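Residue-level listing of the chains:
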Amino acid sequence: MVNKVNSIKKEIVLYAKLLDSKGLVNTLEGNISILDRETGELYITPSGTRKAFLDEDMVAVVKDGEQIGGSVSRSSEYLLHEAALKARPDCSAVAHIHAPYLTAYAYCNKTIRLKCSTTFSLVFEEIPCLPYGEAGTVHIADGIDEAMKEHDLVLLGNHGCVAVGNTLEDAVKIIEAAEEVLKIAKIAGEVGTITDIPDDKLESLFEHHPGSRRNRLKNRREM
């Protein structure tokens, strides 16, 4: 049990520092978590702490709404993490990030739909944007249950984004991928006119590629 707890805390520290090094989190924005579904304990980055300085003792542990471990207070967004993990019982990790390009769409309350990128089309098809909900309250997650039934990454209106995965690697990598695609799309728009993939070609991609979002959903439902 001790080894399991240490492993979870090490993973959180590793990815917190990775995200910090990439400029995707800062002292006041962004948090990640892992839920031990056997014990019901949620391990989450603490509040107001620079992720580059995070250590295992600082990782907050929450159970039944109460903090039971960690030398620093839990992130105020633990309710968002709990809601995302409740919506997706197949997942155990959450990354709530204020990545610049993704968050720009969230500030505009705009669902992301791109037809120019095979990566975006395969992994996401679209990234829905939830309406504004008050940060630090249960309302930050209003609508998340329905949205995350079919999406691993969603935007939070006027706030940021949240992703779920079996592991932190799964949750973090889709945020990284989405952020990079949006960055390239912005550059491409400055270079010239972006050319979309024709709809019939996209439908073929969705239907036949084993890694497409539709096929991943199909496999998940059959499990």
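Residues numbered from 1 in each chain as written. Predicted model: local features only at pLDDT ≥ 70, side-chain atom pairs only at ≥ 80, totals over all residues. Heavy atoms only, no water.

Per an unreviewed UniProt entry, the chain carries the name Class II aldolase/adducin family protein and comes from Anaerostipes hominis.

Further remarks concern the pairing of strand β8 (residues 160-165). Burial within β8 is extensive, with six of its six residues counted as buried. Side chains G160, V162 and V164 of β8 all project onto a buried face; the interleaved residues C161, A163 and G165 project onto the opposite face, where all are buried too. With four bridges joining them, strand β7 (residues 153-156) and β8 adopt antiparallel strand pairing. Looking across to β8, one finds that L156 is bridged to G160. The turn joining β7 and β8, which pair antiparallel and follow one another in sequence, is formed by three residues; a positive phi near 60 degrees is taken by N158. (Buried < 20%, exposed > 50% of the residue type's maximum accessible area, 1.4 Å probe, protein only. Helix = DSSP H or I, 4+ residues; strand = E, 2+ residues; numbered from the N terminus. Pairing = 2+ DSSP bridges.)

Our next topic: the packing of helix α3 (residues 100-107) against helix α6 (residues 168-191). α6 packs onto α3 with a crossing angle of 80 degrees between their chain directions and a minimal axis gap of 7 Å. One element, α3, and the other, α6, form an angle in the roughly perpendicular class. Contact with α3, carried on its side by P100, Y101, L102 and Y105, involves I175, A178, E179, L182, K183 and K186 of α6 and no other residues of that element. Classifying every residue of the contact of α3 with α6 by side-chain character gives seven nonpolar, no polar and three charged. (Axes fitted to C-alpha atoms, helices over the stretch in contact; angles between N-to-C directions. Parallel < 35°, antiparallel > 145°, perpendicular 65-115°, else oblique. Contact = heavy atoms within 4.5 Å. Nonpolar A, V, L, I, M, F, W, Y, C, P; charged D, E, K, R; others polar.)

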